Amino acid sequence: RRRRDGARARVRGRRARSRARPRSSAVVDVDEEVAARARLGGGAIHRHGVRGAAMTTGAARGAHRWALFALAFIASALVAGTVYGWPPLRRLLLEEDSNASEKALGAVFTAGSWSVQGGRFVAGISRDHFGTRFTCCVCLACVVAGAVMIALAKVGDDASLTAGMFAVGLGSGVQLCVQPVAVLFPEYSSTIMSALSGAFQISGLVFLALTAGGDRKIGFLVFAGCAAALLATCAFALPRGTSFLETPAAVDDDDDDDDSSTRGPEDVPVAVVVVPTRKEGLMNGETRREQMLSPEFIGLVAWFTIVVCPAQFFISTIGYQMEQKGDVNGSYSSIFSATYGAVAIFAAVGGRVADAVGCGACQGFATACIAVSFAILALPSSAGLEVQGLGMTVYSLGRLFIFAMYFSNIGRRFGFVNYGTLAGVGLLISAIWSLLQYPLLAWAVDSGATGANVLCMCMLCATMPYTVWLAKRERLE
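Residues numbered from 1 in each chain as written. Predicted model: local features only at pLDDT ≥ 70, side-chain atom pairs only at ≥ 80, totals over all residues. Heavy atoms only, no water.

A. Region of the structure containing the environment of Thr110. Tracing the sequence through the fold places Thr110 in helix 5 (residues 102-130). The residues touching Thr110, leaving out its near neighbours within four places in the chain, are Leu435, Gln437 and Tyr438. (Helix = DSSP H or I, 4+ residues; strand = E, 2+ residues; numbered from the N terminus. Contact = heavy atoms within 4.5 Å.)

In structure tokens form, the structure reads like this:
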């Protein structure tokens, strides 16, 4: 009788605490500031009556958030940006078919790079409407199918290679879906976002590893199997909705001996979120329409769209340009892929710098790095191949920060409520504009690459005033 009376008293206490929470019929996504306020005990908490599972602010701490980050990092490093490891695969395809056209190979890469950009628009919309888990699993299924197509494509079958590269590129949607894991790390959200961009960069090493043995079929079938295993993991571990605060309900330690028969309807765990509040970019509005029409978002998308086209052109032609400068055995294609992945170690450093000085300064630095890489690439063959190693390093560093700062900017200055849609819109527009990389490639093949390199350098320099404007805007806040 005493144990039963004690259990009933604890139940009454839980009911009292439950009634003390404000109620609302609306449930909103969680911003990076949300977790900070929740951890400090502030913010307005809302709930909706869904039985079974709960989103608790306490789950934003401890080992659980690091496990989610680890899964997000591994997924991004395996499938998000594999298409950008193109040079070694291009070299293997040339070894299989010495008559392969440079323009035909360029079309294969263009299809893959377009799906990396444009596919994330669809992934962003899907993430906002159907949830993280569903969208990630669909993207990973596309990667599995694309890897199988590339593995089984016959020599000279450009159609199968193009379709396979397009499907593999859709794996980039995984990164877009898992980036909001930064909401669990409000104290250094830019660092987390940059780390995931570093994982994206690391995925450029995948093609280098798959082609190392010289057997395209075996390499890509193994890759398909790894992607399938990752799909199964994500289907189990990722949240169903859009918030990474969706975790099992916390249970008080002193409730372990409770009789379940004493629990009432109000003791069923409920979903809890905190109303989002941003500290930065408040003039950009709250609704999707306000944010998309804000001058800052328009400027961000314009900057990103212009700089992405030269960045894509660099990857599509670097192997060809090195061969024209004397790289007979294609060793610099492998050097580029290794350099591209190695600079990922600087991703978190860039994020910390952005947390300290703002996105504008880091975006300007990234743009300048890629402009310098094109200046080096435009040097005559007499300058030697060694200097191109420096250009590849500077390019890889600049590209890393361009994508890191784009996603970090949206998360910090627009929040995560409309994150998928906002990021997807910019990626779609940039994907359409980046199709210019193919005419640039044709120009480089037909008339020499110097003119195309100089044009790309000028395009990059034209965006520098925007980065200065954004840096001043951030300082005024």
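B. Molecular detail of the nonpolar core. Judged by nonpolar contacts, the single largest core of 105 residues is most densely connected at Trp86, Val181, Phe220 and Phe407. Ranked by residue count, the leading element in this core is helix 13 (residues 295-324), at 14 residues. Beyond its immediate sequence surroundings of up to four residues, Trp86 is in contact with Leu93, Leu105, Val108, Phe109, Met165, Phe207, Ile315 and Ser316. (Core = buried A, V, L, I, M, F, W, Y, C linked by side-chain atoms within 4.5 Å. Buried < 20%, exposed > 50% of the residue type's maximum accessible area, 1.4 Å probe, protein only.)

C. The arrangement of the confidence of the model for the chain in detail. With 81% of its residues at a pLDDT of 70 or more, the chain has an overall mean of 80. Here residues 21-60 is modelled with pLDDT under 50, and outside its nearest four sequence neighbours on either side it reaches 116 contacts, counting other chains as well. Low pLDDT, under 50, characterises residues 247-276; the stretch is placed with 81 contacts to residues that sit more than four places away or in other chains. (pLDDT = per-residue confidence, 0-100.)

D. Quick look at the packing of helix 9 (residues 189-202) against helix 15 (residues 347-357). Where helix 9 contacts helix 15, the two axes come as close as 7 Å, and the packing angle between them is 150°. Overall, the two elements helix 9 and helix 15 adopt an arrangement that is roughly antiparallel. Once helix 9 is placed against helix 15, the crossing between them reads as right-handed. When helix 9 is examined against helix 15, the residues Ser189, Ser190, Thr191, Ser194, Ala195 and Gly198 are found in contact with a partner set consisting of Ala347, Ala348, Gly350, Gly351, Arg352, Ala354 and Asp355. (Axes fitted to C-alpha atoms, helices over the stretch in contact; angles between N-to-C directions. Parallel < 35°, antiparallel > 145°, perpendicular 65-115°, else oblique. Left-handed = near helix turned anticlockwise from the far one by under 90°.)

E. Region of the structure containing the packing of aromatic side chains. Evaluated as defined, the whole model comprises 25 aromatic pairs. Taking the centre distance of 5.9 Å and the plane angle of 45° together, the rings of Phe336 and Tyr340 count as tilted. Of the two residues, Phe336 and Tyr340 both sit in helix 14 (residues 331-342), four residues apart, roughly one turn of that helix. Across the pair, Tyr340 and Phe336 agree in class, each one buried. When the centroid spacing of 6.0 Å and the interplanar angle of 55° are considered together, the rings of Phe365 and Phe401 count as tilted. One end of the pair, Phe365, is in helix 16 (residues 359-377); the other, Phe401, is in helix 17 (residues 386-414), and 36 residues separate them in sequence. By relative accessible area, which is 43% here, Phe365 ends up partly exposed. Judged by relative accessible area, Phe401 falls into the buried class, the value being 8%. Aromatic rings pair up to connect Tyr84, Trp86, Phe109, Phe200, Trp303, Phe304, Phe403, Tyr406, Phe407, Tyr466 and Trp469 into one cluster. Across from the ring centre of Tyr84, 4.0 Å away, lies the NZ or CZ of Arg399, which sits over that ring. (Phe/Tyr/Trp six-rings, centres within 6.5 Å; stacked < 30°, edge-to-face > 60°. Lys NZ or Arg CZ within 6 Å of the ring centre and 35° of its normal.)

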